Amino acid sequence: MITKQLSVKDEVIIWRRHLHENPELSFQEVQTSDFVYNLLKTFSGLEVTRPTATSVLAVLKGGGKSSEKQFTIAFRADMDALPIQEETDIEFRSKNPGVMHACGHDAHTAMLLGAARALSEMRDELSGEIRFIFQHAEEMPPGGAKELVEKGVVGGVDYAFALHVTPYQHSGSICMREGVLCASNDDFEIKVIGFGGHASTPELTVDPLAVGVEIASNIQHIVSRKLPALHSPVISITQFHGGSALNIIPDTVELGGTIRAIDPDIRLKAKNFVNQIVKGITEAHGARYEIVWHEGYASVVNDKEAVRITREAAEEIFGQENVIGVEEPLFGGEDFSAIAQKVPSSMQFLGVHHENLGEAYPLHHPKFNIDEAALQYGVDYFVGIANKLCK
């Protein structure tokens with residue numbers, strides 16, 4: 001019996017559905033990385049290794065010869081999911097309670113697997129070297145990209161490329177930007193330590209609620225009064241916890257939030273201003289404080305030449321009218337920045353929405369979904385870049 005091999009287009013959809021149905025959290029991508037590793041081992045001409053316990057690297061060395069410079073390029077896809085309970089009604093929704101591919105990493109992985117298969121079949125037409133990086137733990141700082149960089153995965157790489165899906169553009173389009181693409185992200189937790197007591201005698205207390213409210217209010221003034229408008233970060237207070245009874249002033253309150261910045265100097269200044277405000281206000285009221293910083297990712301900065309290469313490939317695949325410029329940086333964080341700091345890189349956004357899906361739910365939403373027809377565009381995009389640099 002002769003079994004007809006499925007097309008790359010069909011297989012990519014099957015792979016994406018398997019990954020979507022079996023999501024795993026950051027640093028826990030055991031079954032996911034096993035699936036990717038075992039599948040890559042079936043493709044011809046790939047050297048497949050495990051740089052870390054839950055990541056995979058496949059290397060394709062071209063069998064052809066070229067009189068021009070031979071490039072070493074890297075393609076990266078992230079594999080981890082989010083701690084979100086899925087609320088879609090698709091047949092292949094998550095089987096793991098409280099875990100979901102709500103950021104499209106299942107699509108990223110499937111598209112890069114498709115590119116690896118397609119390019120492995122073209123090995124004799126290619127020169128140079130292509131590295132397919134299947135990365136763990138993008139969603140959890142310090143991030144898997146940093147660990148892979150430290151492992152030497154991008155050593156000797158001339159250019160690195162990545163895609164991220166976006167539900168805000170239609171399938172068959174791609175959004176591109178040169179320069180700063182994504183912001184840095186740093187989170188903070190503040191504990192205000194006062195002296196509680198009965199609500200009828202606040203003069204006998206050091207009220208941490210009042211101090212915390214003043215801290216939260218003054219932190220909001222950093223952007224409008226302490227930093228230049230054209231370089232302003234986004235600073236948000238997202239938590240405020242304190243008290244357990246309506247007639248008692250508590251001993252402590254806890255608040256926290258995040259800073260998103262596109263300028264590394266402004267990032268540092270904003271953090272310093274938060275520290276100064278917390279210290280000054282608590283001391284002024286006779287309270288004490290503890291502050292913990294969770295340092296996130298640096299900004300993703302797209303290299304001019306790498307973007308030129310990707311734009312040329314994109315215009316051939318999507319058509320010039322479907323290559324959409326991104327005018328302003330995005331304030332979401334992305335750990336691809338660890339790679340972009342070491343290697344000239346280009347990360348762009350692939351449109352994955354179709355009107356048949358109904359409302360376009362954002363990334364990290366429990367009803368997030370994609371148009372699977374977009375997956376082939378992602379495969380073609382990576383193959384197109386390889387054709388420009390390695391053929």
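Residues numbered from 1 in each chain as written. Predicted model: local features only at pLDDT ≥ 70, side-chain atom pairs only at ≥ 80, totals over all residues. Heavy atoms only, no water.

S.K.: Any details on the side chain of Ser232? Residues and values, ideally.
M.R.: Mapped onto the fold, Ser232 is located in the loop between α5 (208-225) and β10 (234-242). In this structure the side chain of Ser232 is engaged in a polar contact, spanning 3.0 Å, whose partner is the backbone oxygen of Pro228. A polar atom in the side chain of Ser232 sits 3.3 Å from the backbone oxygen of Ala229. (Helix = DSSP H or I, 4+ residues; strand = E, 2+ residues; numbered from the N terminus. Polar contact = N/O pair within 3.5 Å; in protein donor to acceptor, adjacent residues only side chain to side chain.)

S.K.: Account for the layout of surface pockets, naming residues and giving values.
M.R.: Roughly 880 Å³ of internal volume is contained in the largest pocket. Cys103, Glu139, Gly332, Gly333 and His364 are, among the 35 residues lining the largest pocket, the residues nearest its centre. At the level of secondary structure, the elements contributing two or more residues to the lining of the largest pocket comprise β5 (159-170), β8 (184-193), β13 (288-295) and β15 (323-325). If one sorts the elements of the lining of the largest pocket by residue count, β5 sits on top with 4 residues. Its residues assigned to classes, the lining of the largest pocket comprises 16 nonpolar, 12 polar and 7 charged. Here the second largest pocket defines a volume of roughly 230 Å³. For the second largest pocket, the lining is made up of 14 residues, of which Pro142, Lys146, Ala298, Ala338 and Gln341 are closest to its centre. Of all the elements in the fold, those that place two or more residues in the lining of the second largest pocket are α4 (144-150) and α8 (337-340). No other element matches the 3 residues that α4 contributes to the lining of the second largest pocket. (1 Å grid on protein atoms, 1.4 Å probe; cavity = no way out; pocket = protein on both sides within 12 Å on 5 of 7 lines; lining within 4 Å. Points joined across faces, edges and corners; volume = space filled by probe spheres on them. Nonpolar A, V, L, I, M, F, W, Y, C, P; charged D, E, K, R; others polar.)

S.K.: So what's going on with helix α9 (residues 374-389)? Which residues, and what values?
M.R.: Taking 1.5 Å per residue, 16 residues should reach 22 Å; α9 reaches 24 Å between its end C-alpha atoms and fits that length. Residues of α9 that are buried: Ala374, Leu375, Gly378, Val379, Tyr381, Phe382, Val383, Gly384, Ile385, Ala386 and Leu389. (Expected span 1.5 Å × (residues − 1). Buried < 20%, exposed > 50% of the residue type's maximum accessible area, 1.4 Å probe, protein only.)

S.K.: Tell me about the environment of Ile130, residues and numbers included.
M.R.: Tracing the backbone through its elements, the reader meets Ile130 in strand β4 (residues 129-135). A relative accessible area of 2% places Ile130 in the buried class. Along the chain, Ile130 and Ser120 lie 10 residues apart, while their C-alpha atoms are 9.8 Å from each other.

S.K.: Now, about the nonpolar core: what can you tell me, with residues and values included?
M.R.: Formed by 62 residues in total, the largest nonpolar core has its most connected members in Leu40, Ile73, Phe75, Leu119, Ile130, Phe132 and Phe134. The contact partners of Ile73, leaving out residues within four places of it in the chain, are Glu129, Ile130, Arg131, Val157, Tyr159, Phe161, Ala386, Leu389 and Cys390. If you look at the next biggest cluster of nonpolar residues, it comprises 23 residues, including Leu57, Ala74, Ile133 and Ala338. (Core = buried A, V, L, I, M, F, W, Y, C linked by side-chain atoms within 4.5 Å. Contact = heavy atoms within 4.5 Å.)

S.K.: Mind laying out the pairing of β4, listing which residues take part and the relevant values?
M.R.: The element β4 is extensively covered by neighbouring structure, given that 7 of its 7 residues are classed as buried. Burial along β4 is two-sided: Glu129, Arg131, Ile133 and Gln135 facing one way and Ile130, Phe132 and Phe134 facing the other are all buried. By the bridge criterion, 6 bridges tie strand β2 (residues 56-61) to β4 in an arrangement that is antiparallel. Its bridge partner lying in β4, Leu60 is registered against Ile130. (Pairing = 2+ DSSP bridges.)

S.K.: Explain the pattern of salt bridges to me, using residue names and the numbers behind them.
M.R.: For the coordinates displayed, the defined rule picks out 20 salt bridges. Close ionic contact of Arg17 with Glu372 constitutes a salt bridge, the shortest N to O distance being 2.7 Å. Taken as a pair, Arg17 in helix α1 (residues 8-21) and Glu372 in the loop between β16 (345-353) and α9 lie far apart in primary sequence, 355 residues in all. In the salt-bridge network here, residues are joined through shared partners; they are Glu305, Arg308, Glu312, Glu316 and Lys388. (Salt bridge = Lys/Arg side-chain N within 4 Å of Asp/Glu carboxyl O.)

S.K.: Tell me about the side chain of Asn185, and name the residues and values.
M.R.: Tracing the chain through its elements places Asn185 in strand β8. On the basis of relative accessibility, which here comes to 11%, the residue Asn185 falls in the buried class. A polar contact is formed between the side chain of Asn185 and the backbone nitrogen of Tyr297, at a distance of 3.0 Å. Excluding residues that lie within four positions of it along the chain, Asn185 makes contacts with Ile259, Arg260, Arg267, His294, Glu295, Gly296, Tyr297 and Gly333.

S.K.: Lay out the sheet that holds strand β1 (residues 46-49) with the relevant residues and their values.
M.R.: The strand order β1-β2-β4-β3-β5-β16-β6-β15 describes an open sheet built from 8 strands, whose pairing is mixed. Two strands in the sheet have a free side with no partner beyond their single neighbour: β1 and β15. Strand after strand, the sheet turns through a mean of 25° between neighbouring axes, direction not considered. Bridge analysis of strand β3 (residues 72-78) against β4 gives 7 bridges, and the strand direction is parallel. (Axes fitted to C-alpha atoms, helices over the stretch in contact; angles between N-to-C directions.)

S.K.: Describe the state of the cysteines, and please don't skip the residues or the numbers.
M.R.: Counted under the stated rule, the structure contains 0 disulfides. Unpaired in this structure, Cys103 has its nearest cysteine sulfur neighbour in Cys182, at a distance of 10 Å. Between Cys175, a cysteine without a disulfide, and Cys182, which holds the nearest cysteine sulfur, the sulfur-to-sulfur distance is 12 Å. (Disulfide = S-S within 2.5 Å.)

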